[in-house]
Amino acid sequence: MKKKKRVEQADRTERMVAALAHEIRNPLNSMKGASQYLHDKYSGTPEIGEFTSIIISEINRLESYLNEFLNFSRGIKLKLRQTDIESYLNGIVMIVKHGFPSEIKIIKKKTSFPKIMIDQEQFRQVFVNLFSNARDALKCTLDPVCQVILDSDKKNMLLTVRDNGCGIPAGKLNQIFTPFYTTKDNGLGIGLSISRSIAVRHGGKISAKSAPGRGSAFMISLPFHTGVKHAGK
Ligand SMILES: Nc1ncnc2c1ncn2[C@@H]1O[C@H](COP(=O)(O)OP(=O)(O)O)[C@@H](O)[C@H]1O
Ligand SMILES: [Mg+2]
């Protein structure tokens, strides 16, 4: 399939998913209200309290999925803005650092970088996902380290988020970007697949390498000239 056609088809699928997510949200809200009512009224009754808790926590989980999808699909049209990557990342780190198990250190391989054209909201989602995964992975480590390395080649901004956490087994590395793949009890398994879609929407790429037991690195490459048209508001 030609690239343009592939992009159009992906956009259509994403719009359908967004519409579906909206449709699911309303009945889910009613179900949540109803089960909350039953829970408050009958939680003293053995079994009923237990089952209504299960229903409510599962509804919350579905809601988290929907919110992720809706945030993602809202951005089908990129709102590209000239961005100074360093101050942009500093702003994200300021928010994420609370409760993070280590300092998040930004390391520059060059003194300055050209501005990049990105949808800042969408890329915030990418970095928040990567930092949240690093936070989980760093639970395995006594001396946690997390770094963001900024570099560039002639055409691309190169961004690497590294941690020295639990790492990813070699046989699993090719699955982590697959939707719904998760190794966590409460994981949704969509952070990396959404992050990859966002990078691709920007004409970029995201890949991972890992040494099990020693850590992981997620590499984003973003062209300075995306060729992606500014879609406006
Ligand atoms: N920094 C990391 N270190 C180790 N494993 C990771 C890291 N980032 C992602 N993974 C693996 O990839 C899986 C998918 O990640 P993600 O799509 O963000 O979903 P979730 O975090 O909800 O599980 C995780 O469950 C984990 O197994
Ligand atoms: Mg995640």
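For the structure, check the block above.
Once a new chain begins, its residue numbering starts again from 1 and follows that chain's sequence as written. Lettering for chains starts from A, numbering for ligands starts from 1, and both go in the order in which the items are written. Thresholds applied to this predicted model are a pLDDT of at least 70 for local features of residues and 80 or more for the giving and counting of side-chain atom pairs; totals over whole chains, interfaces and linings are not thresholded and use all residues.

Where do I start with the sheet that holds strand E5 (residues 156-163) in this structure?
By definition, the strands of a sheet pair up through backbone hydrogen bonds, in either a parallel or an antiparallel sense. Taken in spatial order, the five strands make up an open sheet running E2-E4-E5-E7-E6, and their pairing is mixed. The open sheet is flanked by strand E2 (104-108) and strand E6 (205-211), the only strands paired with a single partner. Direction aside, the axes of adjacent strands within the sheet are offset by 15 degrees on average. Any two strands are treated as partners once DSSP identifies two or more bridges connecting them. Where helices and strands are cited, they refer to DSSP runs of H or I of at least four residues and of E of at least two residues respectively, numbered from the N terminus. By the bridge criterion, seven bridges tie strand E4 (residues 146-152) to E5 in an arrangement that is antiparallel. Across the sheet, residue Gln 147 finds its bridge partner in E5, namely Arg 162. We call two residues in contact whenever the C-beta atoms placed from their backbones are within 7 Å. Axis definition: a line fitted to C-alpha atoms, over the contacting stretch in the case of helices. Angles run 0 to 180 degrees between N-to-C directions. Each of E2, E4 and E5 touches helix H3 (residues 85-96); the most contacted strand, E2, lies at about 170 degrees to it. Its contacts with the sheet place helix H4 (residues 120-137) against E2, E4, E5 and strand E7 (215-223), and it is angled at close to 25 degrees to E5.

Even after reading the chapter, I still don't get the site of ligand 1, so can you show me in this structure?
By definition, a residue lies near a molecule or strand when the C-beta atom built from its backbone is within 6 Å of it. Inspection of the region around ligand 1 gives 21 residues, with Asn 133, Ala 137, Thr 182, Gly 187 and Gly 191 positioned closest. Mapped by element, the contributors of at least two residues to the shell around ligand 1 are H4 and helix H5 (191-201). For the shell around ligand 1, the element with the most residues is H4, which contributes four residues. Basically, the charged four are Asp, Glu, Lys and Arg, the nonpolar ten are Ala, Val, Leu, Ile, Met, Phe, Trp, Tyr, Cys and Pro, and anything else, Gly included, counts as polar. Class assignment for the residues of the shell around ligand 1 results in nine nonpolar, ten polar and two charged.

What is the right way to read the pairing of E6 from this model?
Regular strands show a simple pattern: their side chains alternate between the two faces of the sheet. Across seven bridges, E6 lies against E7 in antiparallel orientation. Looking at the pairing, Ile 206 lines up with Ile 220 of E7. Taking the residues that link successive antiparallel strands as the turn, the E6-E7 hairpin has three residues, and the phi of Gly 213 there is positive, at about 85 degrees.

What is the right way to read helix H2 (residues 48-73) from this model?
An α-helical turn contains 3.6 residues, so a residue and the one three or four places further along point in the same direction. To estimate how far a helix should reach, multiply one less than its number of residues by 1.5 Å. Between the first and last C-alpha of H2 there are 37 Å, a value that for 26 residues agrees with the 38 Å anticipated at 1.5 Å per step. The burial label depends on the number of other C-beta atoms within 10 Å of a residue's C-beta. Counts of 20 or more mean buried, 12 or fewer mean exposed, and intermediate counts mean partly exposed, with C-beta atoms placed from the backbone. For H2, every residue scored as buried is listed here: Thr 52, Phe 69, Phe 72 and Ser 73.

For this particular structure, what's the right way to read the packing of H4 against H5?
Two measures define how a pair of helices packs: the angle their axes make with one another and the distance between the axes. In contact at an axis separation of 9 Å, H4 and H5 are set at 145 degrees when each is read in the N-to-C sense. The element H4 and its partner H5 pack so that their crossing is left-handed. Taking contact as the criterion, the partners of Gln 122, Phe 123, Gln 125, Val 126, Asn 129, Leu 130, Ser 132 and Asn 133 in H4 are, on H5, Gly 191, Leu 192, Ile 194, Ser 195, Ile 198 and Ala 199. Classifying every residue of the contact of H4 with H5 gives seven nonpolar, seven polar and no charged. Each crossing is labelled by how the near helix is turned from the far one, with a counterclockwise turn of less than a right angle marking it left-handed and a clockwise turn marking it right-handed.

Sorry, what's going on with the pairing of E7 here?
By the bridge criterion, eight bridges tie E5 to E7 in an arrangement that is antiparallel. Along E7, the bridge assignment pairs Thr 160 with Met 219.

I would appreciate a short explanation of the environment of Phe 123 in the present structure.
Inspection of the secondary structure puts Phe 123 in helix H4. Each C-alpha atom, one on Phe 123 and one on Leu 89, is 9.8 Å from the other, the two residues being 34 residues apart in sequence. If near-sequence neighbours (up to four positions away) are discounted, Phe 123 is found in contact with Ile 118 and Ile 198.

So what exactly am I meant to see when it comes to the nonpolar core here?
The tendency in soluble globular proteins is for nonpolar side chains to be buried side by side. One nonpolar core equals one set of buried Ala, Val, Leu, Ile, Met, Phe, Trp, Tyr and Cys residues connected by C-beta atoms within 7 Å. Counting 28 residues, the largest nonpolar core has Val 126, Leu 130, Ala 134 and Ile 220 as its most contacted members. Secondary-structure elements contributing two or more residues to this core are H2, H3, strand E3 (116-119), H4, E4, E5, H5 and E7. Ranked by residues supplied to this core, first place goes to H4 with seven residues. Once you skip the residues sitting within four places of it in the chain, Leu 130 turns out to touch Val 161, Ser 195 and Phe 218.

For this particular structure, what's the right way to read unusual backbone geometry?
Glycine aside, residues mostly have negative phi angles, and peptide bonds mostly take the trans form. With a phi close to 75 degrees, Glu 47 is a non-glycine residue in the positive phi region. Along the chain, the position of Glu 47 falls in the loop between helix H1 (3-42) and H2. For Glu 47, a count of 8 C-beta atoms within 10 Å gives the class exposed. If you check the backbone angles, Phe 180 has positive phi at about 75 degrees while not being a glycine. The residue Phe 180 is located in the loop between E5 and H5 in this model.

Treat this as a map of the structure, not an account of what it does.
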